[in-house]
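# Observations on chain architecture
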There are 2 protein chains.
Amino acid sequence: MIYKLIIAYDGTHYVGWQIQPNGNSIQAEIEGALSTFLKEEISIMGAGRTDAGVHALGQVAHFKTDQTVDPVRLIHALNGILPHDIRIKRVECVPDDFHARYSAKSKIYHYHLWLDGPIDPWIRLYRHRPKQKLSLPLLKKGAQEFVGKRDFSSFANAGSGAQSFTRTIYRLDVVAQEGGVRLEFEGDGFLYKMVRNIVGTLLEVATQKRKVEEIKSLLEAKDRTVAGIAAPARGLFLIKVNYHSALREKSSEQRSCPEAFQALSS
Amino acid sequence: MIYKLIIAYDGTHYVGWQIQPNGNSIQAEIEGALSTFLKEEISIMGAGRTDAGVHALGQVAHFKTDQTVDPVRLIHALNGILPHDIRIKRVECVPDDFHARYSAKSKIYHYHLWLDGPIDPWIRLYRHRPKQKLSLPLLKKGAQEFVGKRDFSSFANAGSGAQSFTRTIYRLDVVAQEGGVRLEFEGDGFLYKMVRNIVGTLLEVATQKRKVEEIKSLLEAKDRTVAGIAAPARGLFLIKVNYHSALREKSSEQRSCPEAFQALSS
C-alpha cells in the first residue's frame with residue numbers, strides 16, 4: 001500500500017526537509033513518527049527538498065507499507081507524536097505507481113515580503129523585510145521576465161543533481177496582502193534555491209540596483225555567479241504540489257485503497 | 001514632554017506586560033530600551049496589563065522625559081535595542097494630561113479560535129483550538145448576552161485591584177476567519193482575565209455544557225466561582241486602545257510636541 005501525506009511545517013528550527021547529519025530534519029521527524037506508530041522501519045520520499053528555514057503549507061510525501069491503516073487514525077497518531085511545528089494535514093491511499101516527486105505536475109511556492117513599518121512580531125519568522133524601499137511596478141515588471149520555459153542555470157545553486165536546467169514557470173504573480181506583498185510562483189519544477197535566487201534578483205530590480213532589461217541577459221548567461229544573492233529562507237512557503245487528476249480516478253478504479261477508507265481519503 | 005508608544009508584541013515568552021520578580025516582562029524590556037537610549041531612568045505606564053502569553057497589536061504606553069526626541073528616530077532606536085518579539089509601531093508626542101490608562105475611552109481585544117483540522121504550525125502560538133466541536137449559532141447567541149453595561153464580578157479574577165466591577169461591552173462579534181473565528185470584544189474597560197473568562201464560558205455554551213440562558217444568572221450571581229474556566233492566553237490579542245479625539249486636537253493647539261516633529265507624529 002502506498003500512502004500520500006500532505007504536510008505543513010514551520011521550517012525555522014530545522015536543517016530543511018532532507019535528512020542530514022548535522023541537525024533535525026522534517027523528513028527524519030516524520031519517518032521517526034511513522035516508524036514508531038507502525039512498528040516498522042519507514043522511509044518517506046518528499047515532493048520537494050525545502051531548505052533550512054523554508055516553510056510548507058502543502059508539502060507532499062509518500063511511503064510504502066504492507067500494513068492497512070485508517071488514514072484518519074494515522075493523522076491523529078502522527079500529530080500526537082510529532083513536534084507541534086510539523087502537522088500532518090491529510091493522508092490518502094494512492095495507486096502503486098504514485099511517486100510524490102516524479103508524479104508531480106506542478107508546484108506552487110509563495111514568497112512573502114513585509115513592506116510596511118516594524119514587522120508584526122508573530123509573523124517575523126515568516127516574512128522577509130527588505131531594508132530598502134521597493135518599487136512595486138518594477139517588481140511586477142521584473143517578475144514577468146521569468147514566466148515561460150527557460151534555462152534557469154543562472155538561478156540554480158549547485159547541489160541539486162539536476163540533469164536539465166530547463167523549467168517552465170507558468171505564473172509569477174505579485175499579490176498584495178497585509179503589510180506587503182507575496183510572490184506566487186507556479187511552475188513544473190524548481191531547481192535548488194531557484195525561487196530564492198529569483199526573488200533576490202527581483203529585489204535588486206525593485207530597488208533599482210539592476211534594470212528590468214538585464215534579466216534577459218542574466219538568463220542567457222547560464223551562470224549562477226551573475227545573478228543576485230538568494231533572498232532569506234524565512235519568507236518562503238511550499239504551498240501546494242499538484243498531481244495529474246488521472247491518478248485520483250485510477251485510484252478509485254483500482255481500489256488500491258481499502259474499501260472502508262475510500263470515503264475518508266477522497 | 002509626554003510620549004505615547006504604540007506597541008506590538010508576541011507574549012509567548014513573557015510573564016506578561018507588568019514587571020514581575022519571576023521573569024521577563026514586556027514593560028521591563030521597553031523601560032530598559034528607553035533608559036539605554038535616553039540615558040536616564042524611564043518608567044512607562046501601559047494602557048492594559050496583559051497576562052503571560054497574551055499578545056498585542058496595539059498596546060499603548062506613555063512616559064515622561066525632559067528630553068526632546070524625534071519620534072521617528074526613537075522608533076528606530078528602540079526597535080534596534082528591543083528583542084524581535086516586541087516592536088514599537090508608532091511614537092507620538094501628546095499633551096501633558098495624557099495617561100495611557102486613564103485617558104482610554106475603549107479597548108478592542110480579539111480572541112482567535114482554530115476550528116479546522118490540524119492547526120497550521122506558524123499560528124500555533126496565536127490560536128486556541130478547542131478539543132470539542134463548537135456550535136457557531138450557540139457561540140454567537142451566547143456572545144450577545146454579554147453586550148451592554150453589566151456587573152462582571154463573576155468574570156473577574158482577583159488581583160486587578162478594581163474598585164468597581166461594572167463595565168460596558170459595546171460589541172462582542174463572532175467573525176469568520178481562515179481556519180476558524182475570532183471573537184471581537186470592544187468595551188470601556190476589562191477586568192482581570194475578564195475576556196478569557198467570558199471566552200471560557202462561551203466555549204461551554206458552544207459545546208452544550210451550559211445553556212445560553214444560564215449566562216444571565218451567572219452575571220447576576222456576581223461570584224467568580226460559578227462561571228467557566230479561563231480560555232488559554234495564546235488566543236488573545238489586545239488590538240487597539242481608543243482615546244478621545246479631543247486629546248489630539250488639544251495636542252495641536254498646545255504645541256506640546258516640538259514643532260519640527262508635528263508632521264511626523266500626526
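The structure presented is a predicted model; accordingly, all values stated were derived computationally and were not measured.

With that settled, the discussion passes to the overall build of chain A. From N to C terminus, chain A includes 7 helices and 9 strands. For a compact globule of 266 residues, the expected C-alpha radius of gyration is about 18 Å, and chain A comes in at 20 Å, within 12% of that figure. Judged by the C-alpha coordinates and their principal axes, chain A covers about 60 × 40 × 35 Å. Per-residue burial for chain A yields a buried fraction of 57% across its 266 residues. Long-range pairs, those at least 24 residues apart, make up 72% of the contacts in chain A between residues at least 6 apart in sequence. In the form shown here, chain A has an accessible surface area of approximately 12200 Å², with 49% of it arising from carbon and sulfur atoms. Here chain A carries 36 positive and 29 negative side-chain charges, and the mean point of each set is 5 Å from the other.

What follows deals with the domain arrangement of chain A. All names here are of chain A. Along its sequence, chain A is organised into domain 1 (2–102 + 244–261) and domain 2 (106–240). Computed from C-alpha coordinates alone, the two centres of domain 1 and domain 2 are separated by 27 Å. If you look at the interface, domain 1 gives 15 residues, while domain 2 gives 15 residues. When residues of domain 1 are sorted by the area they lose upon contact with domain 2, Asp51, Val54 and His55 head the list and together hold 42% of the total. On inspection of domain 1 and its partner domain 2, the count reaches 1 salt bridge. Salt-bridge contacts for Arg196 lead to Asp51; the nearest nitrogen and oxygen are separated by 3.2 Å.

Below, the discussion takes up the side chain of Glu186(B). Counting through the fold element by element, Glu186(B) comes out in strand 8 (residues 180–187). Of note is the side chain of Glu186(B), whose polar atom sits 3.3 Å from the side chain of Ser106(B).

The next point concerns the pattern of salt bridges. According to the stated counting rule, one finds 24 salt bridges over all chains in the structure shown. With its nearest N and O atoms 3.1 Å apart, the salt bridge here joins Arg171(B) to Glu186(B). Pair noted here: Arg171(B) is in strand 7 (residues 166–177) and Glu186(B) is in strand 8, with a separation of 15 residues, a long-range link. Exposure remark for Arg171(B): the relative accessible area of 24% places this residue in the partly exposed category. A cluster of three or more residues bridged by salt bridges with shared partners is formed by Arg171(A), Asp173(A), Arg182(A), Glu184(A) and Glu186(A).

This part covers the relation of the copies chain B and chain A. When chain B is fitted to chain A, the residual RMSD is 0.0 Å, and the transformation amounts to a turn of 180 degrees plus an axial shift of 0.0 Å. With respect to symmetry, the two chain copies, as superposed, fit the operation of a two-fold axis.

Here the focus is the pairing of strand 9 (residues 236–243) of chain A. Residues and elements named next belong to chain A. For strand 9, the buried fraction is high: 7 of the 8 residues fall into the buried class. Note that strand 3 (residues 55–64) and strand 9 share 2 bridges and pair parallel. Looking at the pairing, His55 lines up with Phe237 of strand 9.

A few words now on helix 3 (residues 136–144) of chain B. Residues and elements named next belong to chain B. Among all positions of helix 3, only Leu139, Gly142 and Ala143 are buried. Looking straight down helix 3, one finds its buried side chains confined to an arc of 100 degrees; they lie on one side. Against strand 5 (104–114), strand 7, strand 8, helix 4 (194–206) and helix 5 (214–221) lie the buried residues of helix 3. Of the residues flanking the start of helix 3, the one acting as N-cap is Ser135, its side-chain oxygen 3.1 Å from the backbone nitrogen of Leu138.

Residue and element names in this part refer to chain B. In the contact formed by helix 1 (residues 26–38) and helix 2 (residues 71–81), the axes pass within 9 Å of each other and the chain directions differ by 120 degrees. Between helix 1 and helix 2, the angle falls in the class oblique. The chirality of how helix 1 crosses helix 2 is right-handed. Residue-level contacts link Ala33, Leu34, Thr36 and Phe37 of helix 1 to Arg73, Leu74, Ala77, Leu78 and Ile81 of helix 2. Classifying every residue of the contact of helix 1 with helix 2 gives 7 nonpolar, 1 polar and 1 charged.

All right, on to unusual backbone geometry then. Residues and elements named next belong to chain A. For Lys39, which is not glycine, the phi torsion reads 55 degrees and is therefore positive. Following the sequence through the fold, Lys39 ends up in the loop between helix 1 (26–38) and strand 2 (45–46). For Lys39, a relative accessible area of 75% gives the class exposed.

Attention now moves to the interface of chain B and chain A. Taken together, the 21 residues of chain B in the interface contact 21 residues of chain A. For the pairing of chain B and chain A, the buried interface totals around 1600 Å² over both sides, and the portion due to carbon and sulfur atoms is 68%. If you sort the residues of chain B by the area they bury against chain A, Pro118(B), Trp122(B) and Arg124(B) come out on top, with a joint share of 38%. For the interface between chain B and chain A, the tally reads 4 salt bridges. Between Asp120(A) and Lys89(B) there is a salt bridge, with the nearest N and O atoms lying 2.5 Å from each other.

The tally for this structure, following the rule as stated, stands at 16 aromatic pairs over all chains. Three or more aromatic residues link up through ring pairs in this structure, and these residues are Tyr109(A), Phe185(A) and Phe190(A).

This part is about the pairing of strand 5 (residues 104–114) of chain A. Residues and elements named next belong to chain A. Across the 11 residues of strand 5, 10 count as buried, placing the element largely inside the fold. The sheet contact formed by strand 5 and strand 9 spans 7 bridges and is antiparallel. Within strand 9, the position partnered with His110 by the bridge is Phe237. Pairing of strand 5 with strand 8 (residues 180–187), which is carried by 8 bridges, proceeds in the antiparallel orientation.

Once that is clear, we can look at the side chain of Asn197(A). Residues and elements named next belong to chain A. Secondary-structure assignment places Asn197 in helix 4 (residues 194–206). Side chain to side chain, Asn197 and Arg224 meet in a polar contact 2.7 Å long. Discounting chain neighbours no more than four positions away, the residues touching Asn197 are Phe155, Ala156, Asn157, Tyr192, Arg224, Gly228, Ile229 and Ala230.

With that out of the way, let us pick up helix 4 of chain A. Residue and element names in this part refer to chain A. Over its 13 residues, helix 4 extends 18 Å from the first C-alpha to the last, a length consistent with the 18 Å expected when each residue adds 1.5 Å. Most of helix 4 is tucked away: 13 of the 13 residues are buried. Downstream of helix 4 by a residue or two, Gln208 has a phi angle that is positive, lying close to 60 degrees.

On the secondary structure map, Gln208(B) appears in the loop between helix 4 and helix 5. When the C-alpha positions of Gln208(B) and Leu134(B) are compared, they lie 8.4 Å apart, and in sequence the two are 74 residues distant.

A few words now on the confidence of the model for chain A. Residues and elements named next belong to chain A. Confidence along chain A averages 91 in pLDDT terms, with 92% of residues attaining 70 or more. Note that residues 251–256 has pLDDT below 50 and, in this model, 8 contacts with residues that lie over four places away or in other chains. Of the regions scoring below 50 in pLDDT, residues 262–266 engages in 12 contacts with residues more than four places distant in sequence or in other chains. Complex prediction metrics read pTM 0.87 and ipTM 0.81.

The rules we used
Residues numbered from 1 in each chain as written. Chains lettered and ligands numbered in written order. Predicted model: local features only at pLDDT ≥ 70, side-chain atom pairs only at ≥ 80, totals over all residues. Heavy atoms only, no water. Helix = DSSP H or I, 4+ residues; strand = E, 2+ residues; numbered from the N terminus. Rg over C-alpha atoms; globule rule 2.2 N^0.38 Å. Buried < 20%, exposed > 50% of the residue type's maximum accessible area, 1.4 Å probe, protein only. Contact = heavy atoms within 4.5 Å. Areas by Shrake-Rupley, 256 points an atom, 1.4 Å probe, with all protein chains shown as cover. Lys, Arg positive; Asp, Glu negative; His and termini not counted. Charge placed at Lys NZ, Arg CZ, Asp CG, Glu CD. Domains from an automatic or database assignment. Buried area = accessible area lost by both parts, 1.4 Å probe. Salt bridge = Lys/Arg side-chain N within 4 Å of Asp/Glu carboxyl O. Polar contact = N/O pair within 3.5 Å; in protein donor to acceptor, adjacent residues only side chain to side chain. Least-squares fit on C-alpha atoms with pLDDT ≥ 70 in both. Pairing = 2+ DSSP bridges. Arc of directions from axis to C-beta. Axes fitted to C-alpha atoms, helices over the stretch in contact; angles between N-to-C directions. Parallel < 35°, antiparallel > 145°, perpendicular 65-115°, else oblique. Left-handed = near helix turned anticlockwise from the far one by under 90°. Nonpolar A, V, L, I, M, F, W, Y, C, P; charged D, E, K, R; others polar. Phe/Tyr/Trp six-rings, centres within 6.5 Å; stacked < 30°, edge-to-face > 60°. Expected span 1.5 Å × (residues − 1). pLDDT = per-residue confidence, 0-100.

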